[in-house]
Amino acid sequence: MQPSNGPMGGMRDRYVVTAAQMQAIESRVFAAGMPVAALMEKVAGLITQRVMAWRSIAQGPRVGILAGPGHNGGDALVVARELHLRGYQVAVYLPFERRKELTDRHAQYAASLGIEVSPDLAPVLAADWLVDGLFGFGLERPIEGALAEAIDQVNNSGKPIVSIDLPSGLHTDSGAVLGKAIRSTLTLCLGLWKRGLLLDRALDWVGQAELIDFDLPLADIQAILGPDPQLNRITAHLAQLPLNRSPATHKYEQGHLLVVAGSAVYMGAAFLAALGARSSGVGMLTVAVPASLKPWLVAQIPEALVVACPETDMGKIARVDLDLARYDAIACGCGLTREATPIVQAVWESDRPLVLDADGLNALAQLGWRDRQGPVVLTPHWGEFQRLFPNLVAQTSDRLELAQRAAQQTGAIVLLKGARTVVAEPGGQSWMVPESTPGLARGGSGDVLAGLLGGLVAQARPTALTDWGYWAATAAWWHAQAGIQAVQDRSILGVNGASLADGLLTVARQQTQALEKQS
Ligand SMILES: NC(=O)C1=CN([C@@H]2O[C@H](COP(=O)(O)OP(=O)(O)OC[C@H]3O[C@@H](n4cnc5c(N)ncnc54)[C@H](O)[C@@H]3O)[C@@H](O)[C@H]2O)[C@@H](O)CC1
Ligand SMILES: Nc1ncnc2c1ncn2[C@@H]1O[C@H](COP(=O)(O)OP(=O)(O)O)[C@@H](O)[C@H]1O
Ligand SMILES: [K+]
């Protein structure tokens, strides 16, 4: 699942940069003596290798190259030259009179080899596949006019497109479309992951994304991002799963999670949260549900201790008569219905670590934020987030920034669910989940995550807030990987509680095997 680009690939894979940070890192490399032209050759050589593996001459002999005025265009022109020398039929679209010097020289040399280089788009549109090297992280202003029309034609051509660094027209930091953008099939991000590529709003443009690791020195990366970067892309390398277990351990040492969930209307939510919790490996699982649900739930998940709570006429939990101090963590909210306020108040008053999801969040939006003794993890989807933080939503649409501001404002860990889930903790650390599947976009997926997260923190018992953020991000990563696994096993239609639970265990096994290989 991980891009494996050299022995250090896994290490660089975790970093996420803005355009300014990338520029600063590259400047250090150039200042240290690496010639710009030499780096361009190296990078374009790696891109060439990758695109040749993607489309061989037999699969697509005619290649159209879109080249811009800056070094993204320079990279593209070197790729054009290399593909030409290897026997592809290459045509270059270069619609800019003014170009950076290095780019200009590559354009000249490509033309001297007999490659068709022109401001005419037609030859490029006749190709089998395209390489987009119009703009990289240097895009400064919206794409308009003739170039915007050309991008429309390219997108409407339906040809497979590989973008160099990022789809031209996407803002490197925000992932927003600046006027017009190329819709890529494959994006080869150069050196370090650009922030904008990992945000939901960019996904329809990015296509499949891969990192081309060109060996940026870790010292230069860390000089700009710090030794312990604020923003991390969470991957298999970072996820410390499954949790260590001492041979002499017993069930209470492995964490005790209380799940408070379910109602007559939303019975399944309690079961799905319990499934997620069970797959986390938690030592003891107690599930508090309305009394009438107990026989059914026990039959579904016999290893859970199911507690029958007094219920209202409508089949909702009336109160939770439990000594909450006994639990290592509480996951509350799945399927409680909108009348969950007294339940949320009760768990809020305990000092136990609390994961609040679904109706727990809706109740919190009604109650308003009050300080609490124990740590809180909020796991909203976009709708719940808007209800909880209308003031923040009015300020920005950047999901990562929103999660960060919400964490700062409340002191909670905020896990904002989406196609690419983001996690932020109040101290400023945040995490982006880089891979997932739209197979997870169906009712119930989030309940499994809430249980999984609860089970994980009940075992890991983090203390520092950064560790809380890390474990929340790990749960989100694990859940997304399980979704990907479930799609592989059961098709995109087959992601459900059972296949997700199976997927969680498969991912845990893969992690164990990867660790064994390393040691
Ligand atoms: N040169 C090197 O050695 C390396 C180059 N890389 C490549 O260099 C790229 C960054 O290069 P640059 O800084 O030259 O930036 P770009 O190639 O992204 O483009 C910047 C150029 O486009 C112009 N421009 C910006 N917005 C425009 C618009 N809307 N309409 C028309 N012109 C516009 C700017 O004035 C500038 O000339 C990276 O994305 C990557 O592809 C590196 O990633 C790897 C190392
Ligand atoms: N398009 C998508 N791609 C990847 N993951 C998705 C997508 N849509 C939803 N998800 C994931 O599925 C889960 C849905 O959770 P949620 O919205 O709470 O649904 P529910 O309450 O019905 O379980 C979240 O973990 C979210 O990140
Ligand atoms: K590009």
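Remember, it's a predicted structure, so these values are computed and weren't measured experimentally.

Please clarify how the UniProt feature "binding site: AMP" (unreviewed entry) in the chain should be interpreted in this entry.
If you check UniProt for "binding site: AMP" (unreviewed entry), the listed places come out as Lys-417, Gly-418, Ala-419, Arg-420, Thr-421 and Gly-446 in our numbering. In terms of the greatest pairwise C-alpha distance, the residues named above, spread along 30 residues, form a tight cluster of at most 13.3 Å across. The topology assignment puts Arg-420 in the loop between strand S17 (413-416) and strand S18 (422-424). Beyond its immediate stretch of four places on either side in the chain, Arg-420 contacts Leu-198, Asp-200, Leu-203, Arg-399, Val-433, Pro-434, Glu-435 and Ser-436.

Help me out: how do you make sense of the pairing of strand S7 (residues 186-190) in this one?
Here is the key point about a regular strand: its side chains alternate between the two faces of the sheet. The element S7 is extensively covered by neighbouring structure, given that five of its five residues are classed as buried. Residue alternation in S7 divides its side chains into two sets, Leu-186, Leu-188 and Leu-190 and Thr-187 and Cys-189, and both sets are buried. With three bridges joining them, strand S6 (residues 161-164) and S7 adopt parallel strand pairing. From the neighbouring strand, Val-162 faces S7, where its bridge partner is Leu-186.

Mind showing me how you'd approach helix H10 (residues 267-279) here?
Structural remark: α-helix, 3.6 residues per turn; residues separated by three or four positions point the same way. Burial within H10 is extensive, with ten of its 13 residues counted as buried. Elements in contact with the buried residues of H10: strand S11 (256-260), strand S12 (284-290), helix H11 (294-300), helix H17 (445-460), helix H18 (465-490) and helix H19 (497-518). Among the residues trailing H10, Gly-281 stands out with phi positive, at a value near 85°.

Could you clarify how one ought to interpret the site of ligand 2 in this entry?
Taken together, 17 residues lie around ligand 2, and Lys-417, Gly-418, Thr-437, Gly-444 and Gly-446 are the ones closest in. Between ligand 2 and Leu-440, the relevant distance is 3.2 Å, taken from an oxygen atom to a main-chain nitrogen or oxygen of the residue. Taking Gly-444, its main chain carries an N or O atom lying 2.9 Å from an oxygen atom of ligand 2. Summarising the interface, the protein chains cover 79% of the accessible area of ligand 2, which totals 580 Å² for the free molecule. With four residues, H17 is the largest single contributor of residues to the shell around ligand 2. Residue classes in the shell around ligand 2 are distributed as five nonpolar, ten polar and two charged.

Help me understand the sheet that holds strand S13 (residues 305-309) in this model?
The strands making up a sheet associate through hydrogen bonds between their backbones, and the pairing can be parallel or antiparallel. In spatial order, the strands read S10-S19-S18-S17-S16-S15-S14-S11-S12-S13; together these ten strands make up an open sheet with mixed pairing. Two strands in the sheet have a free side with no partner beyond their single neighbour: strand S10 (231-233) and S13. Across the sheet, the mean angle separating the axes of adjacent strands is 15° when strand polarity is ignored. Pairing geometry for S18 and strand S19 (residues 430-432), over three bridges, is antiparallel. For Ala-424, the partnering residue across the bridge sits in S19 and is Ser-430.

Which parts of the structure should I look at to understand the pattern of salt bridges?
Side chains that differ in charge, positive against negative, can pair when their charged atoms come close. Overall, the coordinates contain 23 salt bridges when judged by the stated rule. Between Arg-81 and Glu-41 there is a salt bridge, and its shortest N-O distance comes to 2.8 Å. A residue pair is termed long-range when its members are at least 10 positions apart, and Arg-81 in helix H4 (residues 71-85) and Glu-41 in helix H3 (residues 36-54) qualify at 40 residues. The exposure class of Arg-81 is buried, given its relative accessible area of 11%. A salt bridge links Arg-195 to Asp-398; the shortest N-O distance between them is 2.8 Å. One end of the pair, Arg-195, is in the loop between strand S8 (193-194) and helix H8 (203-206); the other, Asp-398, is in the loop between helix H15 (390-393) and helix H16 (399-410), with 203 residues separating them in the sequence.

Criteria and cut-off values
- Residues numbered from 1 in each chain as written.
- Chains lettered and ligands numbered in written order.
- Predicted model: local features only at pLDDT ≥ 70, side-chain atom pairs only at ≥ 80, totals over all residues.
- Heavy atoms only, no water.
- UniProt positions renumbered as here; feature names shortened; annotations may be inferred.
- Helix = DSSP H or I, 4+ residues; strand = E, 2+ residues; numbered from the N terminus.
- Contact = heavy atoms within 4.5 Å.
- Buried < 20%, exposed > 50% of the residue type's maximum accessible area, 1.4 Å probe, protein only.
- Pairing = 2+ DSSP bridges.
- Near = heavy atom within 4 Å.
- Polar contact = N/O pair within 3.5 Å; in protein donor to acceptor, adjacent residues only side chain to side chain.
- Areas by Shrake-Rupley, 256 points an atom, 1.4 Å probe, with all protein chains shown as cover.
- Nonpolar A, V, L, I, M, F, W, Y, C, P; charged D, E, K, R; others polar.
- Axes fitted to C-alpha atoms, helices over the stretch in contact; angles between N-to-C directions.
- Salt bridge = Lys/Arg side-chain N within 4 Å of Asp/Glu carboxyl O.

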